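Descriptive analysis of the structure
In case you want the letters, here they are:
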Amino acid sequence: MFKKTPIAAVAAVSLLLIAGGCAATNTGKSVAPQATAPAAAPAAAPAAPAVVAKKVDYTAMSPAELAEYLIFEAEGYDLKQPTQEGTTGRARLVQDEIQKACSLGKGKEIDDKSREKIMALAASTIKYPEGGIKLGDWKKGRELAWSGYGYRTAHNPDNHAKGTPGGNCYNCHQIATDRTGGDIGPSLTGFGKIRGMDPDTLKYAYDVIYNPHVYFACTNMPRMGASGVLSQAQIADILAYLFDPNSPVNK
Amino acid sequence: MFNKTLHVLPVVLAVVASSNAGSGQLPEEVLDGLIKKTNNSVYLTQSPQNIMMLPDNPAWLVAEAGEALFKQARGPKNASLEQCDFGKGPGVLDGAHAELPRYFADTGKVMDLETRLLHCMKTLQGFTNDDAAIKQKHGSKSDIMKLQTYIASKSSGIPWNPPMQHPLEKAMRDAGEVMFYRRSGTMDFSCATCHTQTGKRIRASVLPSVYDAADMTKAISWPSQRTSHDEVRSSQHRVLECLWQMRYPNIKNGSDASIALISFWTDAARGEPAILPDLKR
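Residues numbered from 1 in each chain as written. Chains lettered and ligands numbered in written order. Predicted model: local features only at pLDDT ≥ 70, side-chain atom pairs only at ≥ 80, totals over all residues. Heavy atoms only, no water.

1. Some thoughts on the overall build of chain B
A tally of helices and strands in chain B yields twelve helices and seven strands. Within chain B, the fraction of its 281 residues that count as buried is 61%. For chain B, contacts bridging at least 24 residues in sequence account for 69% of all contacts bridging at least 6. For chain B, the computed accessible surface area is about 10200 Å², with 55% contributed by carbon and sulfur atoms. (Helix = DSSP H or I, 4+ residues; strand = E, 2+ residues; numbered from the N terminus. Buried < 20%, exposed > 50% of the residue type's maximum accessible area, 1.4 Å probe, protein only. Contact = heavy atoms within 4.5 Å. Areas by Shrake-Rupley, 256 points an atom, 1.4 Å probe, with all protein chains shown as cover.)

Set out below in structure tokens:
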């Protein structure tokens, strides 16, 4: 791919050095200045960026291959960006089995075999409180249900020392009628009042919050317990918000 | 800020509107046509306030400043941007943004409006990545946003028609489609989580569906004044913010990943007229 002339080789090496220098001084915090790494070396010969650009033939890849390449190999994201859970940006972009199986294109649905596999996989992730599922504090649950804070990184990372990550429920669900929630998910208004509070119903709601794929394979709903965003105690608080007769959800 | 804007606006609007003649419809006329055509799409009509404010869009001030910058000789090479080729020939702006992203032979890359603009500022004007003119990519006061808003305004009313003749254009659009449906991150989100059903809401905000081109043209018509930010924002900024909400790491401005997504969403609005500059929540 590189021409065999020594000049081109030197140009290529100096490009790498410059790119490396930029990477070393970049703290990965709030700025995203060297978005176009090849062009960041104005001193290099004009031909150099073209050589770098032609390194890989995008048209020889399948769309899926190219997508992976753009995400992980083509300086698409800040893969080294620290996350709140102590990993890096790369870990946020690598797919687990459920994410991979559920990345379905237009009009596509999972087949029955995959569905069963996902439901079983989801079931294996759910952990229950030692003393069984009990309702927590509906007031705390209300705070969590109406909070979208936490785990956002990119240009404005959430600081978990300053704010508790929430459950994001309100983004997609109408919950109580005192505030406006979204409607990507079903309405949860009157949840406990309608369903009662027998142990099976409590377990069902706990499971859905913890890992909804156990009943709804490839649902849009996040796995709030399995992903570690919500603790068992926090899920109990949200359950109280949904079931407690004194909660605004059931008023 | 807003008070000042309102005082200056009528004058500026008269000037901009007259200089805009021949290059398409005013944004409010385009939106009105789309609302009628869709029989009051829930997405398009969700904010009566924003519809009312569209004719007095503060983004026109930003476009006006952009026109002056565009024609001014600047940078180490003391050149204007009037020879910049946005795909329809040097200096041709009418309808150019409606046909972006597209493949450019001189760079061998598919570029969107912002990356193409940066390319011209470097090659024609001699700016480097260290210059403030290039470094500052966001906000109504930045050169990049002034210039983008001006250039894009020349595509108002023109149907989105990003070319797909070159194999790279198709490859980027198709990779963008895969990325759109690709789930990952803390909460398993993909773009498809929110943008594949018509009329659904996140909180109180109605979401555009990628399957509805009339909704999509409004959704992707950037630059747009964002009333909640009091700034004009770009396509690149919209990508950044969506991915922030999705719990993804920082996407790099102008990266091929960002352009692939923009290629896909522009293709999803194909055939519907651009609303530029737009005004959104």
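2. Quick notes on the sheet that holds strand S7 (residues 278–280) of chain B
Residue and element names in this part refer to chain B. Strands sit in the order S6-S5-S7 across an open sheet of three strands; the sheet is mixed. The open sheet is flanked by strand S6 (231–233) and S7, the only strands paired with a single partner. Mean inter-strand twist for the sheet, computed between neighbouring axes without regard to direction, equals 35°. With three bridges joining them, strand S5 (residues 224–226) and S6 adopt antiparallel strand pairing. Bridge pairing in S6 places Arg226 opposite Glu231. (Pairing = 2+ DSSP bridges. Axes fitted to C-alpha atoms, helices over the stretch in contact; angles between N-to-C directions.)

3. What about the interface of chain A and chain B?
Taken residue by residue, the interface counts 63 residues in chain A and 49 residues in chain B. On inspection of chain A and its partner chain B, the count reaches four salt bridges. In this structure, the salt-bridge partner of Arg182 of chain B is Glu68 of chain A, at a minimum N-O distance of 2.8 Å. On inspection of chain A and its partner chain B, the count reaches 26 residue pairs in polar contact (both at pLDDT 80 or more). (Salt bridge = Lys/Arg side-chain N within 4 Å of Asp/Glu carboxyl O. Polar contact = N/O pair within 3.5 Å; in protein donor to acceptor, adjacent residues only side chain to side chain.)

4. Things to note about the confidence of the model for chain B
With 92% of its residues at a pLDDT of 70 or more, chain B shows a mean pLDDT of 94. Segment residues 17–22 of chain B: pLDDT under 50, and six contacts once partners within four positions in sequence are set aside and those in other chains are kept. (pLDDT = per-residue confidence, 0-100.)

5. Comments concerning the nonpolar core
By size, the foremost hydrophobic cluster in this structure holds 111 residues, and its most contacted members are Leu70, Tyr77 and Ile175 of chain A together with Phe86 and Met121 of chain B. Each of two domains, domain 1 (6–95) and domain 2 (101–250) of chain A, supplies a minimum of three residues to this core. Those residues in contact with Ile175 of chain A that lie beyond four places of it in its chain are Ala145, Trp146, Cys169, Tyr170, Leu188, Thr189, Tyr241, Leu242 and Val249 of chain A. In this structure, Ile98, Cys102, Ala217 and Cys218 of chain A belong to the second largest nonpolar core, which totals six residues. (Core = buried A, V, L, I, M, F, W, Y, C linked by side-chain atoms within 4.5 Å. Domains from an automatic or database assignment.)

6. Focus: the pattern of salt bridges
Residues and elements named next belong to chain B. Inspection of every chain in the model, using the stated rule, returns 27 salt bridges over all chains. Close ionic contact of Arg116 with Asp106 constitutes a salt bridge, the shortest N to O distance being 2.9 Å. Of this pair, Arg116 sits in helix H5 (residues 113–123) while Asp106 sits in the loop between strand S1 (102–104) and strand S2 (109–111), and the two are ten residues apart along the sequence. For Asp106, a relative accessible area of 53% puts it in the exposed group. Between Asp174 and Lys170 there is a salt bridge; the shortest N-O distance is 2.7 Å. With Asp174 and Lys170 both in helix H8 (residues 167–181) and four residues apart, this pair spans about one turn of that helix. Judged by relative accessible area, which is 39%, Lys170 ranks as partly exposed. Through salt bridges with shared partners, a single ionic network connects Lys170, Arg173, Asp174, Glu177, Asp267 and Arg270.

7. So, helix H11 (residues 235–245) of chain B
All names here are of chain B. Within H11, eight of the eleven residues are buried, which leaves the element mostly enclosed by the surrounding structure. Among the residues of H11, Ser235, Gln236, His237, Val239, Leu240, Glu241, Leu243 and Trp244 are the ones counted as buried. Packing partners of the buried residues in H11 comprise H5, S5, S6 and helix H12 (256–268). Just beyond H11, the residue with positive phi is Arg247, at close to 70°.

8. Points about unusual backbone geometry
Residue and element names in this part refer to chain B. Of note, the amide linkage connecting Trp222 to Pro223 takes the cis form, showing an omega dihedral of 0°. Within the secondary structure, Pro223 is located in the loop between helix H10 (213–220) and S5. The step from Leu276 to Pro277 runs through a cis peptide bond, and the omega angle for that step is -10°. You can see Pro277 is positioned in the loop between H12 and S7. In this structure, Arg203 is a non-glycine residue whose phi angle is positive, near 50°. Within the element layout of this structure, Arg203 appears in the loop between strand S3 (201–202) and strand S4 (205–206). On the basis of relative accessible area, Arg203 is assigned to the partly exposed category, the value being 25%. The phi torsion at Asp230 lies on the positive side, around 60°, for a residue other than glycine. Tracing the backbone shows Asp230 in the loop between S5 and S6.

9. Side note on the side chain of Ser205 of chain B
Within the secondary structure layout, Ser205 of chain B lies in strand S4. Engagement of the side chain of Ser205 of chain B in a polar contact is seen with the side chain of Arg281 of chain B, the distance being 3.2 Å.

10. Some details on the side chain of Gln225 of chain B
Along the chain, Gln225 of chain B turns up in strand S5. When neighbours within four sequence positions are excluded, Gln225 of chain B is seen to be in contact with Asn57, Pro58, Ala59, Asp230, Glu231, Val232, Asp278, Leu279 and Lys280 of chain B.

11. Here we look at the state of the cysteines
Using the criterion set out here, one finds two disulfides over all chains in the structure. Cys172 of chain A supplies the cysteine sulfur nearest to Cys169 of chain A, a cysteine that is in no disulfide, at a spacing of 9.3 Å. Residue Cys169 of chain A is classed as buried on the basis of its relative accessible area, which comes to 17%. For Cys172 of chain A, which is in no disulfide, the shortest distance to another cysteine sulfur is to Cys194 of chain B and amounts to 5.9 Å. (Disulfide = S-S within 2.5 Å.)

12. What about the packing of helix H10 (residues 199–210) of chain A against helix H11 (residues 232–243) of chain A?
Residue and element names in this part refer to chain A. Between H10 and H11, whose axes approach to 10 Å, the crossing angle comes to 125°. Put simply, H10 runs oblique to H11. With respect to the hand of their crossing, H10 and H11 are arranged in right-handed fashion. Residues Thr201, Leu202, Ala205, Tyr206, Ile209 and Tyr210 of H10 form the contact with H11, whose own contacting residues are Gln232, Ile235, Ile238, Leu239, Leu242 and Phe243. Here the residues of the contact of H10 with H11 are counted per class, giving ten nonpolar, two polar and no charged. (Parallel < 35°, antiparallel > 145°, perpendicular 65-115°, else oblique. Left-handed = near helix turned anticlockwise from the far one by under 90°. Nonpolar A, V, L, I, M, F, W, Y, C, P; charged D, E, K, R; others polar.)

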